[in-house]
Amino acid sequence: MKLPVTDQLLWDIYNFVEELGDVHDIFAPRTWKDILCPEMRQIRRAYDKKMSRQRFSRLAHYLKKNGYIKIKNLDNKKGVLITQKGGEKILKIKLKKLKKKKRADKKWQMLIFDIPEDKRVFRDILRSNLMFLGYSLLQKSVWVSPYDVLGETENMIRKYELDPYVRLFLIEEI
């Protein structure tokens, strides 16, 4: 079975880092203690490598336990698949890391929404993403932001198909 491109990339990166660690060890600077007692260096290196693998294994277990990834056996290798919950988490991380700059014209972006109760999940997702984009709550379904995040807001609205329920405004003052 052929791995998806993203999973293959993640697997190749992991293997590359493992090989890089082995190559780095050959050229790494050594102390006098390491030169005089090379066996201790090898033991310490094996211990460090084992601990790194344990940390990676714990991280993978944590991500799997919380439903962010699934680990599948493919052709005697393990592949990692990102779940929908993991994709949403990645989106939130991307929004957090987004460099927000204030609008040059000193205007504010306002968003008003009225999402029906049967789409409550999307309402909650919208609210949490608005906070990450730098919006502030003005009223229960009215959010404002001094940042230039119109493009990201529109993309989020389109992604969750909330166009009929959301209105965007550009206002001069509150």
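Described below are features of the structure shown in this document.

Each value, and the rule that gives it
Residues numbered from 1 in each chain as written. Predicted model: local features only at pLDDT ≥ 70, side-chain atom pairs only at ≥ 80, totals over all residues. Heavy atoms only, no water. Pairing = 2+ DSSP bridges. Helix = DSSP H or I, 4+ residues; strand = E, 2+ residues; numbered from the N terminus. Axes fitted to C-alpha atoms, helices over the stretch in contact; angles between N-to-C directions. Contact = heavy atoms within 4.5 Å. Expected span 1.5 Å × (residues − 1). Buried < 20%, exposed > 50% of the residue type's maximum accessible area, 1.4 Å probe, protein only. Phe/Tyr/Trp six-rings, centres within 6.5 Å; stacked < 30°, edge-to-face > 60°. Salt bridge = Lys/Arg side-chain N within 4 Å of Asp/Glu carboxyl O.

Attention now goes to the sheet that holds strand β3 (residues 108-113). Read across the open sheet, the four strands follow the order β4-β5-β3-β6; overall the sheet is antiparallel. Bordering the open sheet on either side are β4 (136-139) and β6 (166-171), each of which pairs with just one other strand. Across the sheet, the mean angle separating the axes of adjacent strands is 30 degrees when strand polarity is ignored. Strand direction decides the pairing type here: β3 and strand β5 (residues 142-145), joined by four bridges, are antiparallel. Bridging from a neighbouring strand, I112 pairs with V142 of β5. Sheet strands in contact with helix α5 (residues 120-133) are β3, β5 and β6, and its direction is about 170 degrees off that of β3. Here helix α6 (residues 150-159) sits on the sheet and contacts β3 and β6; the angle it forms with β6, its principal contact strand, is near 170 degrees.

When the terminal C-alpha atoms of α5 are compared, their 20 Å separation across 14 residues agrees well with the 20 Å that a helix rising 1.5 Å per residue should span. Along α5, the residues classified as buried are R123, I125, L126, R127, S128, N129, L130 and L133. Downstream of α5 by one or two residues, G134 has phi in the positive range, about 100 degrees.

Enumeration according to the criterion identifies one aromatic pair in this entry. Ring geometry for F122 against Y160: centres 6.1 Å apart, planes inclined by 50 degrees, an arrangement best described as tilted. Pair noted here: F122 is in helix α5 and Y160 is in the loop between α6 and β6, with a separation of 38 residues, a long-range link. The class of F122 is partly exposed, set by a relative accessible area of 31%.

Our focus in this paragraph is the pattern of salt bridges. Under the definition given, this model contains six salt bridges. The shortest N-O distance in the salt bridge between R103 and D105 comes to 3.0 Å. Residue class for R103 comes out buried when judged on its relative accessible area of 15%. Note that R127 is salt-bridged to D124, the shortest N-O span being 3.7 Å. Of this pair, R127 and D124 both sit in helix α5, three residues apart, which is roughly one turn of that helix. The exposure class of D124 is partly exposed, given its relative accessible area of 35%. Beyond isolated ion pairs, a larger network of salt bridges with shared partners links R103, D105 and D148.

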